[in-house]
Amino acid sequence: MTPEELEEIAESERASQGRFTQRVNVCVAAGCLSCQSQSVKDALDQEIGKRGNKDHCQVKGVGCMGLCSEGPLVSTSNGVLYKKVEASDGAAIIDSLEGSAVSRLVCPTDVPFFQRQKKIVLENSGVIDPDRIEDYIATGGYTALIKALTEMTSREVIDEVTKSGLRGRGGAGYPTGLKWSTVSKSVGTSKYVICNADEGDPGAFMDRSVLESDPHRVLEGMLIAGYAVGAAEAYIYVRAEYPLAIKRLRNAIRQAERVGLLGSEICGTRFSFKIDLRLGAGAFVCGEETALIASVEGKRGTPRPRPPYPAMEGLFGQPTLINNVETFANIAPIIRNGGAWYASIGTEKSKGTKVFALAGRVENTGLVEVPMGISLREMVYEIGGGIPEGRKFKAVQTGGPSGGCLPTECLDMPVDYESLAKAGSIMGSGGMIVMDESSCMVDVAKYFMDFCMTESCGKCIPCRVGTYQMHRILTAIGNMTATDQDLKMLEELCDLLKHTSLCGLGQSAPNPVVSTLKSFAEEYRAHIQEHKCPAGVCGAQTEGETA
Amino acid sequence: MLSYVTKPVPPNSDKRWKLVDATIRRQGQQARGLIETLHTVQEAFGYLDEQALRYVAVSLRVPLSRAYGVATFYHFFTLKPAGEHTCVICMGTACYIKGAPQLLDAVQRDLGIRPGETTADKKVSLLTARCLGSCGLAPAVVYDQEVAGKVSTAGVREHLKKWTSA
């Protein structure tokens, strides 16, 4: 594969797509597929076949368009987005290509949900066919890889990533350029790149969506990373619970190998690279780097003390670069447009955009990509469209079981790594769950503690025993049988787990409790002293639910 | 690649062991292929029983205790066969605050089993998931591999009734 050959593929794909004067894109990512979007696509295909329009009208399966709650979504070449489309609407939509839009199905796109977004990671989602490498190449795909391989040294690639200010999108926000630089300087007989696609946070589905909608973007990011750090082998550690993402990744890897973008001596250079999949098997702790490495090696996913960090001693004892899916998805645009361009977006310390999975008690649920520094209020009320059924906002939860609940007072806070940490939560991988007055914060804290207790790997005692004891106290508070003494013990345990646990899971497990204790102390008091649950959630439940 | 003194023989003549053998070969008969191999076994047979674990352990030259340890550490692996139908209720955060506990409660009462169990007539297995990533459709339930969104208590009961009365 030479730059000329790549351009040739792009040209011929653009030419063959240019033949079509009309286009209908149907979302075939997991969200819409579970609302029967495949049957919608089949109906459209059939309709076109019936009318003999196949030569100038194209029906294409594309990735996620974002507004998952209104699926299945269909967009047309005359700029209309349709929501909740059924197979029986096929004929009407094909008719609309030459006439006026089908008003009963129109989904307005001039609303903040679409207008306030800035798409870098998701620029191809909902536009290209994730199963065809040609479509990705036609939109400029793999040009960043070619540019890196033929015009830049590995040092220059790392410098560009450093200049962009990109920070790890998995949650902790470690500067990506620094990580790459460390791995590139480490000495080993071989080096590895690992893409962490074990999206374990409940309430987060950004990585899944990126993998299902634009898998080649992740491969390209990994290839550039491999070139920059000097690795020849890579693994994508992906959740077995995401069968569609696995299927599309396998397909993407095969296609890239076929055209010579993966394999040996890529682009006639000395750079060779191979990517393999490893399936996770459902262990939240495997989001932790060292546990993930153990799992890739076929062992139980238990973490080990750091240092040595994976950048020095990782997979099979060799220097290893681990980044999250979204981090890799940001790399190609950074190389294409330059680090300075990326650094011009966002806040002083948090650059670029972030993809969030907006869910819970909010009108518009789905996937959004916004510039760093947007306020929570804009997220909830403008993009999210506010709280349904006229209820009152109570909190927004970020960062999953390692994060916290942010109350009304925090609504005007900008969303960036520092502000969220200061408010007692974390950026996390990007789950954002809105809660209204019908949610009890004690119950939410108990829910997350139950999660951490179940997911604790059991290696270190503070986490194994501590999460159990904290869950016991939270259950007692929920059952209205706790005392002030219990509350004091709960606070002590928060401190203990934070400072003595081996890995991030245990260290951050108290976060949901700490943040709710801080912002919703009166709810805890009501349970303990007045024996009642202000939200009317606790006490009404059966014990089976905590199982 | 190392070679065996004597090549382990599959527990029985079931053709599906060929799939397992293919994965073992692809992993170079090395311990690092343990999780991948267990995935293949579970995909082929639906669950991991003792004879399967023994065979995998011998083939990859790991102690049986390690194969058992890995199989029980990860939630995705199951040591028991599932029922004719499976119902997975998502307990992710978005589903949780949108009523997944009530769904689970109703199903538990109707079927008389707890998550991870199968009804006595082997018709339905009940499972819970940490998060399906279908948060936009909360609460979500998976009926036999098919994801259903915005499920109501009445909806899930009706679906289960179709299975149990069939």
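Residues numbered from 1 in each chain as written. Chains lettered and ligands numbered in written order. Predicted model: local features only at pLDDT ≥ 70, side-chain atom pairs only at ≥ 80, totals over all residues.

### Quick notes on the domain arrangement of chain B
Looking at chain B, the domain boundaries give domain 1 (17–73) and domain 2 (85–165). The straight-line distance from the C-alpha centre of domain 1 of chain B to that of domain 2 of chain B is 30 Å. (Domains from an automatic or database assignment.)

### Describing the packing of helix α1 (residues 17–26) of chain B against helix α2 (residues 34–45) of chain B
Residues and elements named next belong to chain B. Taken N-terminus to C-terminus, the directions of α1 and α2 make an angle of 165°; their axes are 9 Å apart at the nearest point. When the interaxial angle is binned, α1 and α2 end up roughly antiparallel. Pair α1 / α2 crosses with right-handed handedness. Where α1 approaches α2, its residues Leu-19, Val-20, Thr-23 and Ile-24 are matched on the opposing element by Glu-36, Thr-37, Thr-40, Val-41 and Ala-44. (Axes fitted to C-alpha atoms, helices over the stretch in contact; angles between N-to-C directions. Helix = DSSP H or I, 4+ residues; strand = E, 2+ residues; numbered from the N terminus. Parallel < 35°, antiparallel > 145°, perpendicular 65-115°, else oblique. Left-handed = near helix turned anticlockwise from the far one by under 90°. Contact = placed C-beta atoms within 7 Å.)

### Observations concerning the sheet that holds strand β10 (residues 366–371) of chain A
Residues and elements named next belong to chain A. Taken together, the five strands give an open sheet; going across it, the order is β10-β9-β13-β11-β12, and neighbouring strands pair in mixed fashion. Strands with a single pairing partner mark the edges of an open sheet, and in this sheet they are β10 and β12 (404–407). The average angle at which neighbouring strand axes cross in this sheet is 30°, direction not considered. Relative to strand β13 (residues 431–436), strand β11 (residues 393–398) is paired through five bridges, and the arrangement is antiparallel. Considered in β13, the bridge of Phe-393 is made with Asp-436. (Pairing = 2+ DSSP bridges.)

### Describing the confidence of the model for chain A
For chain A, per-residue confidence averages 94 on the pLDDT scale, and 99% of positions sit at 70 or higher. A low-confidence stretch, residues 541–547 of chain A stays under pLDDT 50, and its non-local contacts, those more than four residues away or across chains, total twelve contacts. (pLDDT = per-residue confidence, 0-100.)

### What to know about the domain arrangement of chain A
Residues and elements named next belong to chain A. On domain assignment, one finds that chain A holds domain 1 (20–110), domain 2 (140–343), domain 3 (353–436) and domain 4 (441–546). Spacing between the C-alpha centres of domain 3 and domain 4 amounts to 22 Å. Of the residues lining the interface, ten residues belong to domain 3; the matching set on domain 4 comes to 16 residues. Top element by residues in the side of domain 3 that touches domain 4 is β12. It accounts for three residues. Tallied by class, the residues present in the side of domain 3 that touches domain 4 amount to five nonpolar, five polar and no charged. (Nonpolar A, V, L, I, M, F, W, Y, C, P; charged D, E, K, R; others polar.)

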